[in-house]
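Summary of structural features
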Amino acid sequence: MPIPQTFEALRTHQTAEGQVQSRLETLRLDDLSAGEVVVRTRYAGVNYKDCLSLHGRAKIIASYPRVAGIELVGEVLASSVASFEPGQAVLVHGFQTGIAFDGGFSACVRVPAAHVQAVPQGLTPHEAAVIGVPGFTAAMALERFIELGIAPGTGSVAMSGAGGAVGLLGTAILARAGYRVAAITRRMAQEERLRAIGAHEVIDAAVLDAAQRPLEKPRFAAAIDNVGGPMLSWLLRSMADGGAVASVGNAAGNSYEGSVLPFIMRRAQLFGIVANAPVEQRKRLWTKLAVEWKPDMAAVLPHVQHIALGALMEHSARQLDGASSGRVLVDFSR
Ligand SMILES: NC(=O)c1ccc[n+]([C@@H]2O[C@H](COP(=O)([O-])OP(=O)(O)OC[C@H]3O[C@@H](n4cnc5c(N)ncnc54)[C@H](OP(=O)(O)O)[C@@H]3O)[C@@H](O)[C@H]2O)c1
């Protein structure tokens, strides 16, 4: 397929007064940041971080104008390096994509070859897009749990913000890897859905409204926390001996109040995840996600929403209000 002369993109600008505005535009290749590989975007995952960028709700974009979108899956149209060839299915995430380089919310992108990865064998381009950054993030936490000796039989793994994209993919991936997942959500109406993707237990996030104790009942061997704030504190206080918490997100804010008791009484560990992993780790984890950790797609797909690029501003406003659920992909065939 030839490189289109013009194509549609959602580009984010900053006015002289500092206002951030994102609008649909018709661009040419030379309007985009440079890169050796030209990719026709098929799907761009919509992450919480992208929603913040599009609406200027946090200083994420490094310089304007910029096409946001921290991840994409597509097909190579042209490459000036031998490692990629036209027609090849590739994925791109991290490496400042959508931040310092133009990202996925464009029907065509130019990407530095070092940022491009072949879609691994065992995944279709669509499956790779469904897993995307949320699934990769969960896989990074899972790899660390295993390194810490937290095997499937050790106990439940809590997943907070379970109704979101990391929650959906994380629950499905942990279940596939043999773990017992305790999904925590503010929306108990999602209970059946969370059980269908592999949660053994669904906990109402209203547990935080009950009287809080210095140490709660030790109920989890590990946790992936998407929320921060009081949820992160509660998870730490609910760890069994030697339990580990992966701090992944800040859906409820950047700060939390902590007690040292989980650390000095139960040997709890707290570690952070940044999905922008080194190349070797990307290759290793995507290979696992394509086979032994591949989520049950039949269970996950009903919770994947496909939207057109033109619907992204409206959708992202709702996601910032916590009103979105599951995984959302911009589908460029729409
Ligand atoms: N560290 C990394 O590299 C990395 C990578 C990916 C994502 N993240 C971060 O991880 C978090 C989750 O990402 P995502 O893509 O899954 O986002 P998402 O799809 O928007 O989901 C976030 C979920 O958190 C819960 N939530 C939202 N607002 C909340 C609030 N005010 N208080 C409590 N719970 C709230 C909701 O779940 P319920 O309705 O079920 O309660 C919501 O579905 C975000 O903070 C994101 O920035 C970080």
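Source: prediction; values computed, not measured.

**Some words on the overall build of the chain**
Scanning the chain for helices and strands turns up nine helices and 16 strands. At 20 Å, the chain has a C-alpha radius of gyration in line with the 20 Å of a compact globule built from 334 residues. Considering the chain as a whole, with its 334 residues, one finds that 54% of them fall into the buried category. Taking all contacts inside the chain whose residues are at least 6 apart in sequence as the whole, residues at least 24 apart take part in 70%.

**With respect to the domain arrangement of the chain**
Per the domain assignment, the segments of the chain are domain 1 (7-119 + 302-331) and domain 2 (133-272). Here domain 1 and domain 2 have C-alpha centroids that lie 29 Å from each other. On the domain 2 side, the residues contacting the twelve residues of domain 1 number 14 residues. Three residues stand out in domain 1 for area buried against domain 2, namely H93, H303 and R327, and they jointly supply 42% of the buried area on that side. Here domain 1 and domain 2 share zero salt bridges between them. Taken together, the links from domain 1 to domain 2 amount to seven residue pairs in polar contact (both at pLDDT 80 or more). Looking at side-chain class alone, the side of domain 1 that touches domain 2 contains three nonpolar, seven polar and two charged residues.

**Quick look at the site of the ligand**
Neighbouring the ligand are 24 residues; V166, T185, R187, I273 and A275 lie closest to it. Here an oxygen atom of the ligand and a backbone polar atom of R186 are 2.9 Å apart. Taking Q319, its side chain carries an N or O atom lying 3.2 Å from an oxygen atom of the ligand. Contributions of two or more residues to the shell around the ligand are made by α2 (125-147) and α3 (165-176). Residue composition of the shell around the ligand, grouped by class: twelve nonpolar, ten polar and two charged.

**Focus: the sheet that holds strand β1 (residues 7-14)**
Hydrogen bonding along the main chain pairs the strands of a sheet, whether they run parallel or antiparallel. Taken together, the three strands give an open sheet; going across it, the order is β2-β1-β4, and neighbouring strands pair in antiparallel fashion. Looking along the sheet, the strands with just one partner apiece sit at the ends: β2 (20-27) and β4 (66-67).

**Focus on the pattern of salt bridges**
One pass over the full model with this rule turns up 15 salt bridges. E71 is the salt-bridge partner of R327, the closest N and O atoms lying 3.0 Å from each other. On the criterion of sequence distance, the pair formed by R327 in strand β16 (residues 327-331) and E71 in strand β5 (residues 71-79) is long-range, its members being 256 residues apart. For E71, a relative accessible area of 5% puts it in the buried group.

**Overview of unusual backbone geometry**
A cis amide bond links Y64 to the next residue, P65, at an omega of -10°. Note on placement: P65 falls in the loop between α1 (48-54) and β4. Although it is not a glycine, F95 sits at a positive phi angle of roughly 50°. On the secondary structure map, F95 appears in the loop between β6 (89-93) and β7 (108-111). You will see that R267, though not glycine, has its phi angle at about 55°, which is positive. Here R267 lies in the loop between α6 (261-266) and β14 (269-272). Relative accessible area serves as the criterion here: at 57%, R267 is assigned to the exposed category.

What counts and how
Residues numbered from 1 in each chain as written. Predicted model: local features only at pLDDT ≥ 70, side-chain atom pairs only at ≥ 80, totals over all residues. Heavy atoms only, no water. Helix = DSSP H or I, 4+ residues; strand = E, 2+ residues; numbered from the N terminus. Rg over C-alpha atoms; globule rule 2.2 N^0.38 Å. Buried < 20%, exposed > 50% of the residue type's maximum accessible area, 1.4 Å probe, protein only. Contact = heavy atoms within 4.5 Å. Domains from an automatic or database assignment. Buried area = accessible area lost by both parts, 1.4 Å probe. Salt bridge = Lys/Arg side-chain N within 4 Å of Asp/Glu carboxyl O. Polar contact = N/O pair within 3.5 Å; in protein donor to acceptor, adjacent residues only side chain to side chain. Nonpolar A, V, L, I, M, F, W, Y, C, P; charged D, E, K, R; others polar. Near = heavy atom within 4 Å. Pairing = 2+ DSSP bridges.

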